[in-house]
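# Architecture at a glance
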Amino acid sequence: MAWYEKIIGDLSAKKQWREYRRRLDALPAPYRRAGRALERYVLNLGPTSDPDALIRMVTDLADLLEQAAAAGTPLRDLTGDEPAAFAEEFMANYGDGSWIGRERARLARAIDEAARSQG
């Protein structure tokens, strides 16, 4: 470990993030705009407690958008009519580490317990 990593921490995630952003910036404008919108969504609702999962997720998002751009796949063919549903399904591949996932599970448990107490 380099001396500066002892002070400021591991820089590999930061380097990977910068590489992801360079890849996104290199996309044609419509794919870049869609990528930024999806990024915003997944950063707010994605696996915030696991930085490695977040880096994997955005790297895979860049892969997906690059492939779609290279193939000329229309964005709506990629995301469907419900971009939020697409993003939710995409994020599901990276664990349920988000606050929203934990709250969904908490709600389901509370309703299950309440329903059991009726019976």
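Residues numbered from 1 in each chain as written. Predicted model: local features only at pLDDT ≥ 70, side-chain atom pairs only at ≥ 80, totals over all residues. Heavy atoms only, no water.

Right, let's talk about the nonpolar core for a bit. Ranked by internal contacts, the top residues of the largest apolar core, which has 19 residues, are Tyr20, Met57, Leu61 and Leu65. Broken down by element, this core gets its largest block of residues, six residues, from helix H4 (residues 51-71). Among residues more than four places away in sequence, those in contact with Tyr20 are Gly35, Glu39, Val58, Thr59, Leu61 and Ala62. (Core = buried A, V, L, I, M, F, W, Y, C linked by side-chain atoms within 4.5 Å. Buried < 20%, exposed > 50% of the residue type's maximum accessible area, 1.4 Å probe, protein only. Helix = DSSP H or I, 4+ residues; strand = E, 2+ residues; numbered from the N terminus. Contact = heavy atoms within 4.5 Å.)

A few words on the packing of helix H2 (residues 12-25) against helix H3 (residues 29-45). Between H2 and H3, whose axes approach to 9 Å, the crossing angle comes to 145 degrees. Note on element contacts: H3 touches H2 through Arg32, Gly35, Arg36, Glu39 and Leu43, opposite Trp17, Tyr20, Arg21, Leu24 and Asp25. Taken together, the residues of the contact of H2 with H3 break down into four nonpolar, one polar and five charged. (Axes fitted to C-alpha atoms, helices over the stretch in contact; angles between N-to-C directions. Nonpolar A, V, L, I, M, F, W, Y, C, P; charged D, E, K, R; others polar.)

Take the pattern of salt bridges next. For the coordinates displayed, the defined rule picks out six salt bridges. Taking the shortest distance from any N to any O, the salt bridge between Asp63 and Arg23 comes out at 2.3 Å. Of this pair, Asp63 sits in helix H4 while Arg23 is found in helix H2, placing the two residues 40 residues apart along the sequence. Among the ionic pairs, Glu39 bridges to Arg36, the shortest N-O distance being 3.9 Å. With Glu39 and Arg36 both in helix H3, this residue pair falls three residues apart, about one helical turn. A relative accessible area of 27% places Arg36 in the partly exposed class. (Salt bridge = Lys/Arg side-chain N within 4 Å of Asp/Glu carboxyl O.)

On to the side chain of Arg23. Relative accessible area serves as the criterion here: at 17%, Arg23 is assigned to the buried category. Ignoring anything within four residues of it in the chain, the contact list for Arg23 reads Thr59, Ala62, Asp63 and Glu66.

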